[in-house]
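# Understanding the architecture of this molecule
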Amino acid sequence: MALLVQKFGGTSVGTTERIEAVAERVARCRAEGHDVVVVVSAMSGETNRLIGLAHDIMEEPVPREMDVLVSTGEQVTIALLSMALHKRGCDARSYTGSQVRILTDSSHTKARIKEIDEHRMRDDLDAGRVVVVAGFQGIDEAGNITTLGRGGSDTTAVALAAALKADECQIYTDVNGVYTTDPRVVDSARRLERITFEEMLEMASLGSKVLQIRAVEFAGKYNVPLRVLSSFEEGEGTLITFEDENAMEQPVVSGIAFNRDEAKLTISGVPDTPGSALRILKPVSDANIEVDMIVQNVGEDNKTAFTFTVHRNDFKRAQEVLRGTSAEIGAGEVGGDTKIAKVSIVGVGMRSHAGVATRMFEALSNEGINIQMISTSEIKISVVIDEKYLELAVRALHSAFELESAGTQEQS
Ligand code: ADP
Ligand code: ASP
Ligand code: MG
């Protein structure tokens, strides 16, 4: 018999009917003799609703109070799910993050888990109970409620699985696995039976929100067997694997990720002298703004144009910082564009194949899509394009790399 951690996301617990369906599944699993710890998200839309309420009161809500507020969503679902389990004769107990004692640091709204006390959960499991834990939340040393960032219930689940040395951490969601790209954007996207941690980490960090990036990091670090599957239908889902077992048969590209979360800033007429990149980017990082892609163009008269991307939420602040810098260093105009999108191809197979970039650029060029910025690593290539061509670009790349029919993996 196995010890399983099962996480159910917002859509999977979106109504009381859905919560009953989850209870049915969990009770069945318990009846088969497995020990089960369940992690749940807030009902779908609830976290957004709470964030909206906070913004009705103030433009930049106090982070500590924001955490007190948004953590309430998950408290509703743990109680309802426990009730639904009791109704089925299945003994269950619900716990908030602080009751378990999921200890985090004090970075409100983006806290990191430091330690988990598994004793209480163990006692319940030993007594034959199902343990239901609120995802997304913890508590810091001083007893303040913290949350782990959007999508953070995935990370709660993986962290509990690591602490309990669970046999598997199962992430139940509204799609039946990890696909070659978001199946809501490309109809012919194909479910992957397996994907390596390395690739999943890239996919998550480049925009595939099916798993929170920290959950993947955590699972990789603590060797947690991780699977993504549907709460709406039966199936094997997708296993995240350590080994690149079939390296020889690896497709060049395993998946395509994208996001619309970034904005681009350009400062022109920058004197082309040593240290200019530092003078531009240091004030940006001093303002706690993260920079993603960077491009510097050689211009005329020893002047260059310097372009970089930041999160869209930081765009206005970055623009202000940059205007100050421009005046200071005698550069020219500061321009910006928030209507951009980043599209990335990901695959460990890229390591051993040449010409991947050419194929990517050709596919985009055939559709008349202009590439504004490029960045590469060993297993990914990202480009920034005009947001309005995003879906076209993803579809073109999906077919250029033959992802709908790759290998022997089953059609889903
Ligand atoms: P949950 O509420 O269960 O945590 P999320 O909305 O966070 O669910 O994540 C599931 C969604 O992720 C899917 O509905 C799908 O639209 C999206 N998604 C993006 N990229 C992928 C991908 N490569 N494979 C599967 N789903 C993806
Ligand atoms: N409820 C939180 C969110 O919407 C956490 C989660 O669902 O994972 O981001
Ligand atoms: Mg999620």
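Model, not experiment: these values are computed from the prediction. (Residues numbered from 1 in each chain as written. Chains lettered and ligands numbered in written order. Predicted model: local features only at pLDDT ≥ 70, side-chain atom pairs only at ≥ 80, totals over all residues. Heavy atoms only, no water.)

This part is about the environment of T47. Within the secondary structure, T47 sits in helix 2 (residues 46-57). Since its relative accessible area comes to 10%, T47 is described here as buried. With 260 residues separating them in the primary sequence, T47 and T307 have C-alpha atoms 34 Å apart. Leaving out residues up to four positions away in the same chain, T47 has contacts with A42, V70, F136 and R150. (Helix = DSSP H or I, 4+ residues; strand = E, 2+ residues; numbered from the N terminus. Buried < 20%, exposed > 50% of the residue type's maximum accessible area, 1.4 Å probe, protein only. Contact = heavy atoms within 4.5 Å.)

On to the site of ligand 1, then. The immediate surroundings of ligand 1 are formed by 17 residues, with T173, D174, Y179, D182 and R184 found nearest. Burial of ligand 1 by the surrounding chains reaches 89%, relative to a free accessible area of 570 Å². Class assignment for the residues of the shell around ligand 1 results in six nonpolar, six polar and five charged. (Near = heavy atom within 4 Å. Areas by Shrake-Rupley, 256 points an atom, 1.4 Å probe, with all protein chains shown as cover. Nonpolar A, V, L, I, M, F, W, Y, C, P; charged D, E, K, R; others polar.)

Now for the pairing of strand 2 (residues 35-40). Along strand 2, five of the six residues are buried, which leaves the element largely enclosed by surrounding structure. Pairing of strand 1 (residues 3-8) with strand 2, which is carried by six bridges, proceeds in the parallel orientation. Bridging across to strand 2, Q6 finds its partner in V38. Sheet topology places strand 2 next to strand 6 (residues 130-134); four bridges connect them, and they run parallel. (Pairing = 2+ DSSP bridges.)

Working definition: the strands of a sheet are paired by backbone hydrogen bonds and lie parallel or antiparallel to each other. Taken together, four strands build an open sheet; the order of strands is 13-18-20-19 and the sheet is antiparallel. Every interior strand has two partners, whereas the edge strands, strand 13 (255-259) and strand 19 (373-377), have only one. The mean angle between the axes of side-by-side strands here comes to 20°, regardless of whether they run parallel or antiparallel. Pairing between strand 18 (residues 340-346) and strand 20 (residues 380-386): seven bridges, direction antiparallel. Across the sheet, residue K342 finds its bridge partner in strand 20, namely V384. Where helix 12 (residues 356-366) meets the sheet, it contacts strand 18, strand 19 and strand 20, and its direction lies at approximately 20° from that of strand 20. Contacts from helix 13 (residues 390-400) reach strand 13, strand 18 and strand 20 within the one sheet, and its direction differs from that of strand 18 by about 15°. (Axes fitted to C-alpha atoms, helices over the stretch in contact; angles between N-to-C directions.)

Another aspect to go through is the nonpolar core. By size, the foremost hydrophobic cluster in this structure holds 45 residues, and its most contacted members are V37, I116, M121, V133, C169, L226 and I240. Per-element tally for this core: the top contributor is helix 7 (residues 153-164), with eight residues. Among all residues touching V37, those that are not within four sequence positions of it are L4, V5, Q6, M121, L125, V131, V133, L160 and L164. Ranked by size, the runner-up nonpolar core spans 27 residues in total, among them M350, A363, I369 and L397. (Core = buried A, V, L, I, M, F, W, Y, C linked by side-chain atoms within 4.5 Å.)

A few words now on the UniProt feature "binding site: substrate" (unreviewed entry) in the protein. Mapped onto the present numbering, the UniProt feature "binding site: substrate" (unreviewed entry) falls on T47 and E74. In sequence the annotated residues extend across 28 residues, while in space they remain close, none of their C-alpha pairs exceeding 8.8 Å. Following the sequence through the fold, E74 ends up in helix 4 (residues 72-87). The class of E74 is buried, set by a relative accessible area of 2%. (UniProt positions renumbered as here; feature names shortened; annotations may be inferred.)

When the charged atoms of two side chains lie near each other, side chains of opposite charge can form a pair. Counted under the stated rule, the structure contains 24 salt bridges. Between R129 and D91 there is a salt bridge, with the nearest N and O atoms lying 3.2 Å from each other. Of this pair, R129 sits in the loop between helix 6 (119-126) and strand 6 while D91 sits in the loop between helix 4 and strand 3 (92-95), and the two are 38 residues apart along the sequence. Classification of R129 as buried rests on a relative accessible area of 18%. (Salt bridge = Lys/Arg side-chain N within 4 Å of Asp/Glu carboxyl O.)

Here helix 2 is 12 residues long and its end C-alpha atoms lie 17 Å apart, about the 16 Å a rise of 1.5 Å per residue gives. For helix 2, the full list of buried residues reads T47, L50 and A54. Down the axis, helix 2 shows its buried residues gathered within 65° of arc, on one side only. Buried residues along helix 2 sit against helix 3 (63-70) and helix 4. (Expected span 1.5 Å × (residues − 1). Arc of directions from axis to C-beta.)

Let us look at the UniProt feature "domain: ACT" (unreviewed entry) in the protein. As annotated in UniProt, the feature "domain: ACT" (unreviewed entry) corresponds to residues 265-339 and 345-412 in the numbering used here. For residues 265-339, the end-to-end C-alpha separation is 11 Å, with 35% helix and 37% strand making up the annotated structure.

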